[in-house]
Amino acid sequence: MPRQRVLVIDDEEAIQEVIQACLEELGDWEVFTAGSGKEGLIIAESQLPDGILLDVSMPEMNGFETLQKLQENLVTQEIPVVLLTAKVQPADLQRFSQLEIAGVIQKPFEPLKLLDLVAQAFQWEL
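Quick look at the structure, then. What you see is a predicted model, and the numbers here were worked out from it, not measured in a lab.

What counts and how
Residues numbered from 1 in each chain as written. Predicted model: local features only at pLDDT ≥ 70, side-chain atom pairs only at ≥ 80, totals over all residues. Heavy atoms only, no water. Helix = DSSP H or I, 4+ residues; strand = E, 2+ residues; numbered from the N terminus. Expected span 1.5 Å × (residues − 1). Buried < 20%, exposed > 50% of the residue type's maximum accessible area, 1.4 Å probe, protein only. Arc of directions from axis to C-beta. Contact = heavy atoms within 4.5 Å. Axes fitted to C-alpha atoms, helices over the stretch in contact; angles between N-to-C directions. Parallel < 35°, antiparallel > 145°, perpendicular 65-115°, else oblique. Left-handed = near helix turned anticlockwise from the far one by under 90°. Nonpolar A, V, L, I, M, F, W, Y, C, P; charged D, E, K, R; others polar.

**Describing helix α1 (residues 13-27)**
For step 1, the next point in the chain: With 15 residues, α1 ought to run about 21 Å at 1.5 Å a step, and its terminal C-alpha atoms sit 20 Å apart, in line with that.
For step 2, the next point in the chain: Regarding α1, the residues found buried are Ile15, Gln16, Ile19, Cys22 and Leu23. Down the axis of α1, the smallest arc covering the buried residues is 140°, so these residues share one side. Turned more than 90 degrees away from the buried face of α1 sit Glu13, Ala14 and Glu25, all of them exposed.
For step 3, the next point in the chain: Tucked inside the fold, the buried residues of α1 contact β1 (5-9), β2 (30-34), β3 (51-55), β4 (81-85) and α5 (111-122).
For step 4, the next point in the chain: Of the residues one or two after α1, Asp28 is the one with positive phi, at around 55°.

Written out as structure tokens, the structure is:
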């Protein structure tokens, strides 16, 4: 099975590090990180990851704006996206259900279960 390539877009460096460590160590996947939506757009277009984990709450360009720009770009629009969020109220779930995303992973997450959550959301075999 080819090595999965994942882009993590999150403004919290500690979250980036935990996700990167989990996916690289437990899944032997290649992980790219970006600290903002703007940086994430550049990396997505240049690296063409197999999937993107995208934080919803970020300064300047939030996850929804970043998702929209990813989907408007012909180069990145086919890359599946999973949202990372601490907001899972009924109104948020309603909004998420209207988006073209692969899934939602709630923060905080259990690091040892993250690989399974990501693989399940992207429908990848482990």
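**Considerations on α5**
For step 1, the next point in the chain: Taking 1.5 Å of rise per residue, 12 residues should cover 16 Å, and α5 covers 17 Å from first to last C-alpha, within 8% of that figure.
For step 2, the next point in the chain: For α5, every residue scored as buried is listed here: Leu114, Leu115, Val118, Ala119, Ala121 and Phe122. Take α5 and look down its axis: the buried residues cluster within an arc of 165°, on one side only. For α5, the exposed residues set more than 90 degrees away from the buried face come down to Leu112, Lys113 and Gln120.
For step 3, the next point in the chain: Residue Gln123 follows α5 closely and has a positive phi angle near 60°.

**Let's talk about unusual backbone geometry**
For step 1, the next point in the chain: With an omega of -10°, the peptide bond running from Lys107 to Pro108 counts as cis.
For step 2, the next point in the chain: Positionally, Pro108 belongs in the loop between β5 (103-106) and α5.
For step 3, the next point in the chain: Of note, the phi angle at Asp28 is positive, near 55°, even though the residue is not glycine.
For step 4, the next point in the chain: Mapped onto the elements, Asp28 comes out in the loop between α1 and β2.
For step 5, the next point in the chain: Even without a glycine there, the phi angle at Glu60 is positive, about 65°.
For step 6, the next point in the chain: Note on placement: Glu60 falls in the loop between β3 and α3 (63-72).

**Details of the packing of helix α2 (residues 37-47) against α3**
For step 1, the next point in the chain: The N-to-C vectors of α2 and α3 enclose an angle of 25°; their axes lie 10 Å apart at closest approach. By the criterion of interaxial angle, the relationship of α2 to α3 is roughly parallel. The two elements α2 and α3 meet at a crossing, and its hand is right-handed. Residues Gly37, Leu41 and Ala44 of α2 touch α3, and the partners they reach there are Thr66, Lys69 and Leu70.
For step 2, the next point in the chain: When grouped by side-chain class, the residues that make up the contact of α2 with α3 number 3 nonpolar, 2 polar and 1 charged.

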